[in-house]
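# Descriptive analysis of the structure
Below, each chain spelled out in residue letters.
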Amino acid sequence: MFSELASQAAGAAIAAAAKWGTVRGLGAAHARVQDIALQQSVRKVTYYYFYSDVLALVFLNYRAQVALCGNAVSVCGDTLVGNVIRVALERFGRRTLPFRFRDRALAIRDVKAMVSEPAPISISADGLGRAGVVDEGLARLLQSRGGVAVPVSVRAMHAASLSLAGRLTIPLPGAALSVVIGRNVLSRRDIGEFTAELQAAILAASIAADALAAPGQK
Amino acid sequence: MGSVSSESELKDSIVRALAIELKVSYESILSARSLRDEFKMDSIAAVNVAFAVEEEFGIEIEINEGDRFDSVDDIVGIVRRSLGLELAR
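The notes below deal with the structure included here.

Reading the values: rules and limits
Residues numbered from 1 in each chain as written. Chains lettered and ligands numbered in written order. Predicted model: local features only at pLDDT ≥ 70, side-chain atom pairs only at ≥ 80, totals over all residues. Heavy atoms only, no water. Axes fitted to C-alpha atoms, helices over the stretch in contact; angles between N-to-C directions. Helix = DSSP H or I, 4+ residues; strand = E, 2+ residues; numbered from the N terminus. Parallel < 35°, antiparallel > 145°, perpendicular 65-115°, else oblique. Left-handed = near helix turned anticlockwise from the far one by under 90°. Contact = heavy atoms within 4.5 Å. Buried area = accessible area lost by both parts, 1.4 Å probe. Salt bridge = Lys/Arg side-chain N within 4 Å of Asp/Glu carboxyl O. Polar contact = N/O pair within 3.5 Å; in protein donor to acceptor, adjacent residues only side chain to side chain. Nonpolar A, V, L, I, M, F, W, Y, C, P; charged D, E, K, R; others polar. Buried < 20%, exposed > 50% of the residue type's maximum accessible area, 1.4 Å probe, protein only. Pairing = 2+ DSSP bridges.

This brings us to the packing of helix α6 (residues 136–145) of chain A against helix α4 (residues 43–57) of chain B. For any two helices packed against each other, one specifies the inter-axial angle together with the distance between the axes. Contact geometry for α6(A) and α4(B): axes closest at 10 Å, N-to-C directions at 15°. Of the possible angle classes, the one that applies to α6(A) and α4(B) is roughly parallel. When you trace α6(A) past α4(B), the crossing you get is left-handed. Note on element contacts: α4(B) touches α6(A) through B:Ile44, B:Ala45 and B:Asn48, opposite A:Gly137, A:Arg140, A:Leu141 and A:Ser144.

What follows concerns the interface of chain A and chain B. Where interface size is quoted, it is often the accessible area lost as the parts come together. The partner chain B presents 22 residues to the 15 residues of chain A that form the contact. Looking at the side of chain A facing chain B, the largest losses of area belong to A:Arg104, A:Ile108 and A:Lys112, adding up to 45% of the total buried there. Counting every contact that joins chain A to chain B gives three salt bridges. Across the contact surface, chain A and chain B share seven residue pairs in polar contact (both at pLDDT 80 or more). Looking at the side of chain A that touches chain B, the element that brings in the most residues is helix α5 (residues 104–116) of chain A, giving ten residues. The class makeup of the residues in the side of chain A that touches chain B is seven nonpolar, three polar and five charged.

Residues and elements named next belong to chain A. Every second residue of strand β5 (residues 121–124) is oriented toward a common face, with Ile-121 and Ile-123 on one face and Ser-122 and Ser-124 on the other, all of them buried. In the sheet, strand β2 (residues 45–49) pairs with β5 via four bridges, with the strands oriented parallel. What sits directly across from Tyr-48, in β5, is Ile-123. For strand β3 (residues 73–77) and β5, the ladder comprises two bridges, and the chain directions are parallel.

Residue and element names in this part refer to chain A. At a minimum axis distance of 8 Å, the contact between α5 and α6 shows a crossing angle of 55°. If you check the angle between α5 and α6, you find them oblique. As α5 runs across α6, the sense of the crossing is right-handed. Across from Val-111, Met-114 and Val-115 in α5, the residues of α6 making contact are Leu-141, Ser-144 and Arg-145.

Pasting the structure below:
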């Protein structure tokens, strides 16, 4: 009960803090999303991002005032931060899917829902593993889900790091954001090669987002 | 898509799906006490097995809170419940 109240309060605070500020790369990101949406009629889409970008991604959704990643359904882990993200996204009208990874039966049920979801989903690539490294579990989820994987990287020019989970970055209110939606990655049979390709694609998107966020860029 | 005529047929189908997903022999699945401990079956592998069984028998498998999905017998029980009928043994 307390946890849900805390999540509601924190989610509302994030929603309030997220609204103002500029976004670099938004036009190109919109064009990419529209291009992906055209392909979506024939195959499923999964957007993936590094967990450190998750709050910047929420800020971006508020600022862009549109569902940037189409009608993507956001996967939220059953953690304090995951619940806060869920509240913030649902306040914006986004649909979420839970991932209750601590309970085996519920985790299986939730993964089944992710694999079956016809709408695009967005999910952290490293939420359960090493920060900045695409988890092989994500690659296997993508293999089961099929379709195309699309990396997303969002950077805040001014942000604070929170030691909670060792990897959470909180954009400061009003901080400019940069966004890059990377290249499509198609599923491969070899899990090692597929994971490496997912990693390469999101690193390329991250480097591009960092470059866009550099001083002097517009 | 097929129909389930007996529990042994259902069990055979589940063991085959597990053997393919976990890349181990049919016999080793049969003798396993914990698929999670012995073959590192995670939730994605479990879902792939569930999909294979669903496709074979044209059913939807419901997994409820508290279900164990860790042995062949666990999975047979869950599928039987989803089928909603008593199978001929």
